[in-house]
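Summary of the model geometry
Each chain, letter by letter, is given below.
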Amino acid sequence: MSSQQQRTAIADKTLENQSQVQNHSAEEIQAENRDDVARHPSSDKRHKINFPPASSGKQWEDLDSKIVLKIESLLGKSTLEHKLATFGDIVYQTCLDTFGAKQHQTKCPPQRSGRQLEMDTLRKQKRKLKKQIRAASSDETNELLVIWRQLKARHSALSRAESARKKRSQKRKNQERFIRDHSSLQDSSSNNPSLEL
């Protein structure tokens with residue numbers, strides 16, 4: 001091999017190594033940005049954000065400015081794929097940092113009515129009386145049966161009243177849903193005349 005060819009081969013190798021080093025350092029910079037953005041990956045369970053009301057125009061404008069600045073600083077010259085992958089995380093994290101997370105509210109169990117509580121008590125009393133009737137003598141059995149029948153009659157009356165209340169409640173819900181669906185159908189047909197018959 002001639003000395004000219006050797007010099008050309010060495011120069012090509014040097015250029016190749018330099019370009020690899022440059023590419024590598026560019027990739028490292030992008031990886032650092034990606035790590036900074038991915039502090040809260042999208043796969044994690046996210047908290048609900050305590051957004052202000054829609055009428056708070058100033059707060060929304062401030063948020064918009066913050067998001068624009070954050071996106072420009074983190075995604076300035078990154079690839080399109082990287083922008084698409086991290087855009088949502090940046091927006092979410094900026095909103096969370098600005099407004100904070102909603103406080104978790106524990107749901108209270110539904111309150112039981114006086115009628116329902118009385119029915120529970122009567123049910124327990126009936127169950128207890130049945131055990132006593134089984135263990136009682138023949139004289140005591142008749143007296144206990146009278147008490148048990150009184151409890152049963154009271155429990156049946158309360159059960160009928162509770163059943164009627166549930167039916168009324170369900171009927172009211174069905175009517176409200178029908179009116180809501182009917183009004184939304186009218187709105188959509190008025191907005192789109194082609195839907196009218």
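Residues numbered from 1 in each chain as written. Predicted model: local features only at pLDDT ≥ 70, side-chain atom pairs only at ≥ 80, totals over all residues. Heavy atoms only, no water.

Looking up the protein in an unreviewed UniProt entry gives the name Reverse transcriptase, with the organism given as Plakobranchus ocellatus.

1. With respect to the packing of aromatic side chains
Inspection of every chain in the model, using the stated rule, returns 3 aromatic pairs. With centroids separated by 5.6 Å and ring planes inclined at 20°, the aromatic side chains of F51 and W60 adopt a geometry described as stacked. Taking relative accessible area as the criterion, W60 reaches 31% and is therefore assigned partly exposed. Over the ring of Y92 we find R46, and its NZ or CZ is 4.3 Å from the ring centre. (Phe/Tyr/Trp six-rings, centres within 6.5 Å; stacked < 30°, edge-to-face > 60°. Buried < 20%, exposed > 50% of the residue type's maximum accessible area, 1.4 Å probe, protein only. Lys NZ or Arg CZ within 6 Å of the ring centre and 35° of its normal.)

2. Some details on the pattern of salt bridges
In the structure shown here, the tally under the stated rule is 8 salt bridges. The salt bridge partner of K58 is D62, with a shortest N-O separation of 3.0 Å. Separated by 4 residues within a single helix, K58 and D62 lie in helix 2 (residues 57–75), roughly one turn from each other. Given a relative accessible area of 34%, D62 falls into the partly exposed group. (Salt bridge = Lys/Arg side-chain N within 4 Å of Asp/Glu carboxyl O. Helix = DSSP H or I, 4+ residues; strand = E, 2+ residues; numbered from the N terminus.)

3. Thoughts on a positive patch on the surface
Together, K124, R127, K130, K131 and R134 make up a region of like positive charge exposed at the surface. You can see R127 is positioned in helix 4 (residues 114–135). (Patch = residues over 30% accessible without salt bridge, like charges linked within 9 Å, V, L, I, M, F, W, Y side chains within 5 Å. Areas by Shrake-Rupley, 256 points an atom, 1.4 Å probe, with all protein chains shown as cover. Lys, Arg positive; Asp, Glu negative; His and termini not counted. Charge placed at Lys NZ, Arg CZ, Asp CG, Glu CD.)

4. Here we look at helix 3 (residues 80–99)
The first and last C-alpha atoms of helix 3 sit 29 Å apart over 20 residues, in line with the 28 Å expected at 1.5 Å per residue. Along its length, helix 3 reaches its greatest deviation from straightness, about 40°, at T86. Buried within helix 3 are the following residues: H82, T86, D89, I90, Y92, Q93, T94, C95, L96 and F99. Positive backbone phi, approximately 80°, marks G100, located one or two places after helix 3. (Expected span 1.5 Å × (residues − 1). Bend = angle between axes of the 7 residues up to and from the residue.)

5. Let's talk about the nonpolar core
Core analysis: the largest hydrophobic core is formed by 9 residues, namely M119, L122, L129, I133, A136, L144, W148, L151 and L158. Where this core is concerned, the elements lending two or more residues are helix 4 and helix 5 (138–191). Dropping the residues within four chain positions of it, L122 is found in contact with L151, R154, H155 and L158. Membership of the second largest hydrophobic core comes to 7 residues, among which are I49, L63, I67 and Y92. (Core = buried A, V, L, I, M, F, W, Y, C linked by side-chain atoms within 4.5 Å. Contact = heavy atoms within 4.5 Å.)

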